[in-house]
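Inside the fold
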Amino acid sequence: MINFEIDGKQVSVPKNGTVMDGANQLGIYIPHFCYHKKLSIAANCRMCLVQVEKAPKPLPACATPAMEGMKVFTHSGQAVTAQKGVMEFLLINHPLDCPICDQGGECQLQDLAVGYGASASRYTEAKRVVANKNLGPLISTDMTRCIHCTRCVRFGQEIAGIMELGMAGRGEHAEILSFVGSTVDSELSGNMIDLCPVGALVSKPFRYSARTWELSRRKSVSPHCGLGSNLVVQVKQNRVMRVLPRENEEVNECWLSDKDRFSYEGLNSDERLSTPMIKRNGEWQECDWQAALEFVANGLRTVKEKHGASSIGALASPHSTLEELYLLQKLMRGLGSGNVDHRLRQSDFRSDQHLQGAPWLGMNVAAISRLKSALVIGSTLRKDHPLIAQRLRQAVKQGAQLNLVNPVDDDLLTKVANRAIVAPAAMAAMLAQILKAATELKQVEIPDGAKTVSGSISVTDAARAMAASLIDNKPAAIFLGNMAQHHPQYADIHGLAQHIAHIVEAEFGVLGEAANSVGAYIAGAIPDHGGLSAAAGDSGRPGQGNMNASQMLGTGAAKPVSQPCRAYVLMNLEPELDSYNPHQTMKALDAAELVVVMSAYKNRAVLEGGYADVLLPIAPFTETSGTFINTEGRAQSFNGVVAPLADTRPAWKVLRVLGTMLELDGFAYDTPEQVRAEILPAGGDISARLNNNLRNFAVGDTGLMNEPKSGGIQRIGEVPIHQADPIVRRADSLQRTRDAAAPLAWMPGDLMDALGINPGDNIRLKQGEGEAQLPAARDDKLPSNCVRVACAHPLTAALGEMFGEIVVERL
């Protein structure tokens, strides 16, 4: 530690620490613009000049290394004179447009000009004017205001991993520019708005809509990806106007993904459902809550009397709160049905009988940055988990090795030590190779549960390199991504990854798809298998049926049951976009006698497709209180930030009243806190319930290395970042980004040549009875005989399985 003195106060900082570090430790404020604790030192604004004893001139606090015994003065005459001189230079070309600047009221330059600026300028020449740049639909520019702190440039290089902005020119001709004709398209780009200390980069969706001093600030938690980013939601006149990050080093640090930041536009969508609706004689009619709930209660009773409790099923989104999911499963089990699930995009449920607990990350989120080796299996990492990808990027910069087994080779904006880009049908076989390589390197036996698939397999150099990377670099971790969880051989992939982690002594985790993917298990929103669901408080008596989502809808790898459900309760879902096989899902819903849709939105497919019988308007996360349990098992509760829209009601209240109307026991709740207390132990520690391990699971050799019959083409189905849930789909600005572009049918060049297709040609895609037409595009990094077609999109919703055989025809 280095000991020195600032303004007469002693302070100690680690070796290589700076004067700014010591000042922050003491709580002494030194004015600055270019310095940021998460970015490298630039020292180009010079606002943090301080006096150092025996130094001939003022020195920048951010870049001056602390030295033993040095004495620093931050508010001496010399320091203040230097800071005022810098401020005068900064204001020479800065426009006097604070009244119309969107940064007004929260501008660092404005604040410091009050303390360090003169009342009038000595500069009488014309100020320079800089042309504005089009950086895309999320960031608005007024580049004349730019003071060249380069925070945005450094953020792109160091945090986002891609240099989308740079500085060209010198002196007063210096400008921040994007590359020629380019916009800023990073999934973390909105953080540049927070970092900009002036009004040069501001939020385009928020611009000119409110002043910062008019906004109320409320704490909340993001409902989107599994991270559970902490939010500050800013509200004006009962309307969400803006979302900013709430700093939490253990979760999202001080960053937000664009999906978390700009999805609030969907909360104010014109498609919001505000009044209950019942379909009578094929026509939708608005009604009051009493009539709607009586219709639902009577309908459920009728189906139960005619077909039995096992004919009723409930499907919920893992973006729902813990309390909502708990009451939904309690309602089902109170009726006598065990058919409840939240995993609509999962297709292989063989592991359910063997799971020891709720699948989770296997470690703290913050520990990802300290990894020395990681293997990511089946994930479009940057789009599925933007901030977890950012943590892995920081780990790689510190010397970690990143290994990848994936059907797609997207640019992760970081160095990948070893990669195996294989067809979906070959992913499990690739893991079997890594397992065998690990056993050979460690000189141990292949585990009993994997001998049938690993014993005779030949090991490639890539597999051996990945095994060596995990063995030689500690700490190490293995993560299963969203595409692995959707895979029709998920149980085999899970089992093999578990064995690899055990042999190489690595942590093993599952990257949660949604905000409450872990919480849904804790709430018991799964069928009664392995005793997992029964652990969620008093779930009522065991239900009949115990069908998972695939069985209820007749989708996925398992054979459909002979008698699918006759009644469905859907919560926070758009099943034609949120299921593994949307074509089969719609067939099952169309054939049902009763479909109850609890949603915040008027879904076009519901209103036009006709599968629903009643619509119940429920509140999104900003209009209700609740809890999300993120992928590391952290329970985070939040309150509503605005009042529910019109006749909208929080889903937990709707389920509570419905349970009472059905005369079920245990629905006398007055607050969501009472529901939460029934689920979570005192203190909220659920670590005992988290376990990724499968007990007594034998990895199956049937189909492990099989290609589709007759050499058919395999579909690689991914969920685009801005199509993952109903709120994001209605965020207008996000839907204008490059990531939200209309899907294409991506194919490798050899497959296009074999089919006689050229890039840009319209092609017909068929799966079973469903078909879609898309333009073709070429991607030579894809595995041979595969076509990459996004799911969860209206243009591809008529197709079938996310990972199935697909027919490609030239039009």
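It should be emphasised that the depicted structure is a prediction, and the values quoted were computed from it without experimental measurement.

1. Details of the overall build of the protein
- Scanning the protein from N- to C-terminus turns up 24 helices and 32 strands.
- Relative to the compact-globule value of 28 Å for 811 residues, the protein shows a C-alpha radius of gyration of 28 Å, a close match.
- Projected onto its principal axes, the C-alpha coordinates of the protein cover approximately 90 × 65 × 60 Å.
- Going through the 811 residues of the protein one by one, you find that 63% of them count as buried.
- Across the protein, every contact between residues at least 6 apart in sequence was considered, and the portion connecting residues at least 24 apart equals 73%.

2. Some remarks on the UniProt feature "domain: 4Fe-4S Mo/W bis-MGD-type" (unreviewed entry) in the protein
- The positions that UniProt labels "domain: 4Fe-4S Mo/W bis-MGD-type" (unreviewed entry) are, in the present scheme, residues 215-271.
- Secondary structure content for residues 215-271 is 9% helix and 35% strand, while the C-alpha to C-alpha distance between its ends is 25 Å.

3. Quick look at the side chain of Gln-714
- With respect to the helices and strands, Gln-714 occurs in strand S27 (residues 713-716).
- According to the relative accessible area criterion, Gln-714 is buried, its value standing at 5%.
- At 2.9 Å, the side chain of Gln-714 forms a polar contact with the backbone nitrogen of Ala-425.

4. Brief notes about the packing of helix H4 (residues 151-160) against helix H10 (residues 386-397)
- Remark: H4 packs on H10, axes separated minimally by 9 Å, with the N-to-C direction vectors making an angle of 85°. By the angle between their axes, H4 is roughly perpendicular relative to H10. Together, Glu-158, Ile-159 and Ala-160 of H4 and Gln-390, Arg-393, Gln-394 and Lys-397 of H10 make up the contact between the two elements.
- For the contact of H4 with H10, a count of residues per class yields two nonpolar, two polar and three charged.

5. A look at the packing of aromatic side chains
- Overall, the coordinates contain two aromatic pairs when judged by the stated rule.
- Plain terms: the ring middles of Phe-628 and Phe-638 are 5.0 Å apart, the flat faces sit at 35° to each other, and that makes the pair tilted. Within this pair, whereas Phe-628 is found in strand S25 (residues 626-629), its partner Phe-638 is found in strand S26 (residues 635-638), the two being separated by ten residues in sequence. Each member of the pair, Phe-628 as well as Phe-638, is classed as buried.
- Just above the ring of Tyr-601 sits the side chain of Arg-730; from NZ or CZ to the centre is 4.3 Å.

6. What to know about the UniProt feature "domain: 4Fe-4S His(Cys)3-ligated-type" (unreviewed entry) in the protein
- What UniProt calls "domain: 4Fe-4S His(Cys)3-ligated-type" (unreviewed entry) maps, in this numbering, to residues 78-117.
- The straight-line gap between the two end C-alpha atoms of residues 78-117 is 16 Å; of that span, 60% is helix and 0% is strand.

What counts, and where the lines are drawn
- Residues numbered from 1 in each chain as written.
- Predicted model: local features only at pLDDT ≥ 70, side-chain atom pairs only at ≥ 80, totals over all residues.
- Heavy atoms only, no water.
- Helix = DSSP H or I, 4+ residues; strand = E, 2+ residues; numbered from the N terminus.
- Rg over C-alpha atoms; globule rule 2.2 N^0.38 Å.
- Buried < 20%, exposed > 50% of the residue type's maximum accessible area, 1.4 Å probe, protein only.
- Contact = heavy atoms within 4.5 Å.
- UniProt positions renumbered as here; feature names shortened; annotations may be inferred.
- Polar contact = N/O pair within 3.5 Å; in protein donor to acceptor, adjacent residues only side chain to side chain.
- Axes fitted to C-alpha atoms, helices over the stretch in contact; angles between N-to-C directions.
- Parallel < 35°, antiparallel > 145°, perpendicular 65-115°, else oblique.
- Nonpolar A, V, L, I, M, F, W, Y, C, P; charged D, E, K, R; others polar.
- Phe/Tyr/Trp six-rings, centres within 6.5 Å; stacked < 30°, edge-to-face > 60°.
- Lys NZ or Arg CZ within 6 Å of the ring centre and 35° of its normal.

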